Amino acid sequence: MKYLSENRYKGEIKGLVLDWSGTTADAYVIAPTIVFVEVFKKQKVVISMEEAREPMGLRKDLHIKALTENAEIRKRWNIVHGKDPQMSDVENMYADFVPLQLKCLKQYSKLLPGTAEVIKRVQNSGIKVGCTTGFVRSMVNILEEESAKQGYVPDASVAGDDVKNGVRPLPHMLYNCLLYTSDAADDMQCVDLGGRRI
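In this text the structure is predicted, and so the values were computed from the model without any measurement.

Q: When you look at the pairing of strand β2 (residues 128-132) in this model, what are you seeing that I'm missing?
A: Consecutive residues of a regular strand have side chains that alternate between opposite faces of the sheet. Burial runs high along β2: 4 of the 5 residues are buried. Here 5 bridges tie strand β1 (residues 15-19) to β2, and the two strands are oriented parallel to one another. Counterpart to V17 in the pairing with β2 is G130. As paired elements, β2 and strand β3 (residues 156-158) share 3 bridges and run parallel to each other. Bridging across to β3, C131 finds its partner in S157. Taken together, β2, helix α7 (residues 137-149) and β3 constitute a β-α-β crossover, and its handedness is right-handed.

So, in structure tokens, the structure goes:
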């Protein structure tokens, strides 16, 4: 017989961790998706918006790598290039991705309706709010600036490149948010919404 231990937290919630795209802003996660499609198009490989969204939540360089590992995309790449995509191809596409993403991010930074008001109520009730994302810090800086103009200012923010050892679905970004919001130092006191599940 296997032993099963189940921990349940019954205290108050002290932390809320949210994703950016699709959870607080950019309702349909357009900003990164169109850029993924564009960087593959530059390589003469067509990918759909649906395919581009599939590994969403990963840091963007890892997202591109995951796309190159998709069997259908890999077949199309082979037809065009006569070989499987290499790590150098991933690096080149990521180098193309960053400036394109930075250029269009403001355009897709509109908060979801009610986000600023709800977050203010949550924060006023004593709950700390953090954000995690697969975007890198230079992109998060734009998102933070634009969201602040709309009334949304998280207490903590962790970008995909802020974490050395593991990105989603590993919990390192969540743990960093908990460290930055010291009142919510226990993951049992925190709710994580949006992004990839940990």
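Q: In this structure, what is going on with the sheet that holds β1? I would like to understand it.
A: Spatially, 4 strands are ordered β3-β2-β1-β4 in an open sheet, and the strand pairing comes out parallel. Strands at the two margins of the open sheet, each flanked by one partner only, are β3 and β4 (190-193). Ignoring which end each strand starts from, the neighbouring axes of this sheet average 20 degrees apart.

Q: Would you take a moment to explain the confidence of the model for the protein for this structure?
A: Low-pLDDT stretches of the model should not have their predicted coordinates read in fine detail. Chain-level pLDDT for the protein is 88 on average; 90% of the residues reach the 70-or-more range. Taking the mean pLDDT of every element in the protein, the minimum, 74, falls on β4 and the maximum, 98, on helix α4 (residues 71-81).

Q: Hey, could you run me through helix α6 (residues 115-124) in this one?
A: A turn of α-helix holds 3.6 residues, and therefore any two residues three or four places apart point the same way. Among the residues of α6, those classed as buried are T115, A116, I119 and V122. On an axial view of α6, the arc spanned by its buried residues comes to 125 degrees, and they lie on one face. Away from its buried face by more than 90 degrees, α6 exposes R121 and N124. Along its buried surface, α6 packs onto β1 and β2.

Q: Any chance you could explain the pattern of salt bridges here in plain terms?
A: Pairs can form between side chains of opposite charge whenever their charged atoms are close. In total, this model carries 10 salt bridges according to the counting rule given. Between R76 and E51 there is a salt bridge, with the nearest N and O atoms lying 2.4 Å from each other. Taken together, the positions of R76 in helix α4 and E51 in helix α2 (residues 49-53) put the pair 25 residues apart, joining distant regions of the chain. A relative accessible area of 26% means that R76 is categorised as partly exposed. Residue E51 is classed as buried on the basis of its relative accessible area of 14%.

Cut-offs and rules
Along each chain, the written sequence defines residue order, and numbers are assigned to residues from 1. Reporting in this predicted model follows two pLDDT cut-offs: at least 70 for local features of residues, and 80 or more for side-chain atom pairs to be given and counted; totals over whole chains, interfaces and linings ignore these cut-offs and use all residues. Where side-chain values are given, they derive from all heavy atoms of the structure, hydrogens and water being excluded. Burial classes follow relative accessibility: with a 1.4 Å probe on protein chains only, a residue under 20% of its type's maximum area counts as buried, one over 50% as exposed, and anything between as partly exposed. Numbered from the N terminus, helices here are DSSP runs of H or I no shorter than four residues, and strands are runs of E no shorter than two. At least two DSSP bridges between two strands are required for those strands to pair. By the criterion used throughout, a crossover qualifies as right-handed when its path from the first strand across the helix to the second strand runs clockwise, the strands pointing away from the viewer. Each axis is a line fitted through C-alpha atoms, taken for helices only over the stretch in contact, and angles between the N-to-C directions span 0 to 180 degrees. Scored between 0 and 100, pLDDT is the confidence that the predictor attaches to each residue. Taking the helix axis as origin, the arc is that swept by the directions to the C-beta atoms. In this description, contact between two residues means that some pair of their heavy atoms is separated by no more than 4.5 Å. For this analysis, a salt bridge means a side-chain nitrogen from Lys or Arg found within 4 Å of a carboxyl oxygen belonging to Asp or Glu.

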